[in-house]
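Letter by letter, the chains look like this.
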Amino acid sequence: MRASDLKAWKELSRLARTVLDIPLTDHINSAARFDEFAVTVGPVTFDFSKQYIDAPTLKVLLKLAEERDWKRRTSALFTGDVVNTTEHRPALHTALRAPANAQPPAIGDVVHRELVRAKAFASRIISGEWKGSSGQAITDVVHIGIGGSHLGPELAVTALADHHCSALKMHFVANVDGSAMACVLRHLNPETTLFVIVSKSFTTLETAQNAQAARNWLVERTGSLEAISAHFIAVSSNLEATADFGIAGENTFAIWDWVGGRYSMWSAVGMPVLLALGPQGFQALLDGAHEMDEHFRKSPAEHNAPLLAAVFAIWNYNFLGINNHAVLPYDQRLRLLPNYLQQLETESNGKRVQHDGSPVGVHTMAILWGGDGTTGQHAYHQLLHQGTRAYTADFIVAARPDHDRPDAHRWLIANCLAQSQAMAVGARTDDPHKTVPGNHPTTTIVLDHLSPRSLGNLLAFYEHQVFCQGLIWDINSFDQWGVELGKKLADGLFAKLADDPRVGEDASTQGLLDHFHAELKARKEN
Ligand code: F6P
């Protein structure tokens with residue numbers, strides 16, 4: 001059944017008209033507003049009190065989730081039912097962070113065994129016990145992977161810089177653009193560099209190209225094929241391909257087809273995080289995520305942070321006509337969070353058909369973008385305050401800093417609160433140029449401080465929000481068929497860029513191909 005045919009959906013369409021008759025300021029001014037709309041889960045508080053919502057509407061939104069049987073489907077997610085219906089797989093990322101005895105039985109052993117292996121490996125690198133080909137310890141780690149095999153690890157390594165326990169320098173190469181790899185390799189010594197190749201499929205173009213470039217560089221500089229075993233490890237589910245590449249079995253860590261790429265950083269895919277934080281820090285990240293899993297699985301709807309976030313998003317996107325969502329971390333260390341959430345939320349829920357293949361019939365995921373505050377205030381916040389577009393935003397901020405400048409942190413928090421307040425309340429003046437309309441719904445997420453535990457908790461929150469939105473729209477949040485067409489077309493165009501380009505492209509693309517060919521020819525002639 002389409003979402004728009006649900007009883008609650010129809011009721012919400014009626015309610016949308018009346019809620020918007022009252023300005024957001026009036027909604028947020030009731031005395032109990034914060035207590036009514038904020039939920040704390042361990043070290044993280046999710047404040048939904050600036051959402052454009054009232055208590056009766058929330059009740060109907062939760063009825064919507066009930067009509068979609070959210071409780072039963074959540075438990076199906078955790079117990080390993082086939083929730084990824086087009087690829088016929090479970091999505092068991094929650095098992096990656098559950099204690100060994102709390103995982104589904106068949107999965108628990110493999111997950112636990114691999115985690116123990118990964119931690120032991122990381123300890124050898126961190127302590128310097130592991131030696132490179134010339135007997136020196138590793139000083140630099142180059143992570144090669146893209147999408148779900150990159151964004152989470154780079155986010156966590158960057159965000160948790162204050163919690164690194166090792167002196168290893170971390171580098172990330174994702175783009176097939178040769179300058180990405182060149183830029184990193186330029187400063188490295190092959191004898192003290194470890195390459196971590198992360199690719200679930202081990203066939204992804206960008207990762208394959210970059211891994212090959214790294215391998216050539218290493219062999220050329222060390223003059224030895226044997227050096228590969230001391231300088232390359234892989235994380236993949238394609239063990240045949242990792243072996244063909246020359247990576248020994250003992251240097252290969254598993255990822256499984258029942259974990260989606262964008263949900264995989266909790267496994268050995270997070271090797272750079274493990275190498276930066278050490279086994280204890282990585283475990284704290286897993287524990288933080290598990291804490292949110294338990295909250296999501298066990299809390300009633302009205303106190304369930306991910307479910308609430310999901311129904312507010314549905315309300316905003318489907319009933320208030322909002323089509324874009326800004327992620328605004330007020331923490332420089334979380335500057336990569338918008339990129340990470342772009343993949344998590346839009347690759348998961350940027351879909352147009354229901355599980356049975358019929359059109360979803362309503363809008364699904366909005367355009368997600370963002371950047372860190374306060375710097376964004378001096379750039380695109382003008383559009384947020386006085387532009388013509390409707391939007392919603394998430395603010396993320398830590399209550400406690402990890403530096404010793406309390407005033408700087410107070411300013412940071414003051415600015416964060418000022419922005420969400422301005423977005424909600426606005427300012428009426430006689431001068432239209434100075435009028436700020438307000439009425440924009442936002443959520444503020446407050447971490448006690450930015451730690452492995454709070455980050456794990458936060459990222460798991462977003463994963464479950466995505467799941468809940470997907471189940472209300474009845475879409476498959478765990479596949480990504482839309483990205484395949486571009487890959488196929490690029491294969492054909494790659495060949496045509498080398499050979500005769502004059503076959504069967506549209507006139508626009510043909511024009512561009514001719515242009516590149518002319519450039520190439522001119523370069524050859526010079
Ligand atoms: O192209 C999209 C995608 O399939 C993502 O879903 C995935 O995270 C990424 O490519 C990388 O895939 P792999 O880990 O197999 O290299």
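Above this note sits the structure.
Quick caveat: nothing in here was measured; it's all calculated off a predicted structure. (Residues numbered from 1 in each chain as written. Predicted model: local features only at pLDDT ≥ 70, side-chain atom pairs only at ≥ 80, totals over all residues. Heavy atoms only, no water.)

1. Points about the sheet that holds strand β5 (residues 193–198)
- If you trace the 5 strands from one edge of the open sheet to the other, you get β4-β3-β5-β6-β7, paired in parallel fashion. In this open sheet, the two strands that pair with only one neighbour each are β4 (169–173) and β7 (252–254). Along the sheet, successive strands turn relative to each other by an average axial angle of 20°, direction set aside.
- As paired strands, strand β3 (residues 140–144) and β5 are joined by 5 bridges and run parallel to one another. Directly across from I144, in β5, lies its bridge partner I197.
- Taken strand by strand, helix α9 (residues 205–222) contacts β3, β4, β5 and β6 (232–236), and its axis lies near 160° from that of β5. (Pairing = 2+ DSSP bridges. Helix = DSSP H or I, 4+ residues; strand = E, 2+ residues; numbered from the N terminus. Axes fitted to C-alpha atoms, helices over the stretch in contact; angles between N-to-C directions. Contact = heavy atoms within 4.5 Å.)

2. Digging into the site of the ligand
- The environment of the ligand is made up of 13 residues, and the closest members are G148, S149, S199, S201 and T204.
- Interatomic distance of 2.6 Å between a side-chain N/O atom of S199 and an oxygen atom of the ligand.
- Contact between the ligand and T204: an oxygen atom at 2.5 Å from a side-chain N or O atom of the residue.
- Taken by itself the ligand offers 400 Å² of open surface, and the protein chains cover 86% of this.
- With respect to the detected pockets, the ligand is housed in the largest pocket.
- Of the residues belonging to the shell around the ligand, the class tally is 2 nonpolar, 8 polar and 3 charged. (Near = heavy atom within 4 Å. Polar contact = N/O pair within 3.5 Å; in protein donor to acceptor, adjacent residues only side chain to side chain. Areas by Shrake-Rupley, 256 points an atom, 1.4 Å probe, with all protein chains shown as cover. 1 Å grid on protein atoms, 1.4 Å probe; cavity = no way out; pocket = protein on both sides within 12 Å on 5 of 7 lines; lining within 4 Å. Sits in = over half its atoms within 2 Å of the grid points. Nonpolar A, V, L, I, M, F, W, Y, C, P; charged D, E, K, R; others polar.)

3. Re the layout of surface pockets
- Size it by volume and the largest pocket reaches roughly 1,200 Å³.
- For the largest pocket, the lining is made up of 45 residues, of which S201, T204, V483, E484 and K487 are closest to its centre.
- Mapped onto the lining of the largest pocket, the elements with two or more residues apiece are α9, α14 (337–349) and α18 (484–498).
- The dominant element in the lining of the largest pocket, judged by the number of residues it contributes, is α18, at 8 residues.
- Looking at the lining of the largest pocket, its residues break down into 17 nonpolar, 17 polar and 11 charged. (Points joined across faces, edges and corners; volume = space filled by probe spheres on them.)

4. Some remarks on the packing of helix α7 (residues 151–159) against α14
- Between α7 and α14, the shortest axis-to-axis distance is 9 Å and the interhelical angle comes to 155°. By the angle between their directions, the pair α7 and α14 is classed as roughly antiparallel. When the axes of α7 and α14 are compared, the crossing they make is left-handed. Along the contact surface, α7 presents L151, G152 and L155, while α14 presents L337, N339, Y340 and Q343.
- Taken together, the residues that form the contact of α7 with α14 break down as 4 nonpolar, 3 polar and no charged. (Parallel < 35°, antiparallel > 145°, perpendicular 65-115°, else oblique. Left-handed = near helix turned anticlockwise from the far one by under 90°.)

Interpretation in functional terms is not warranted from these geometric data alone.
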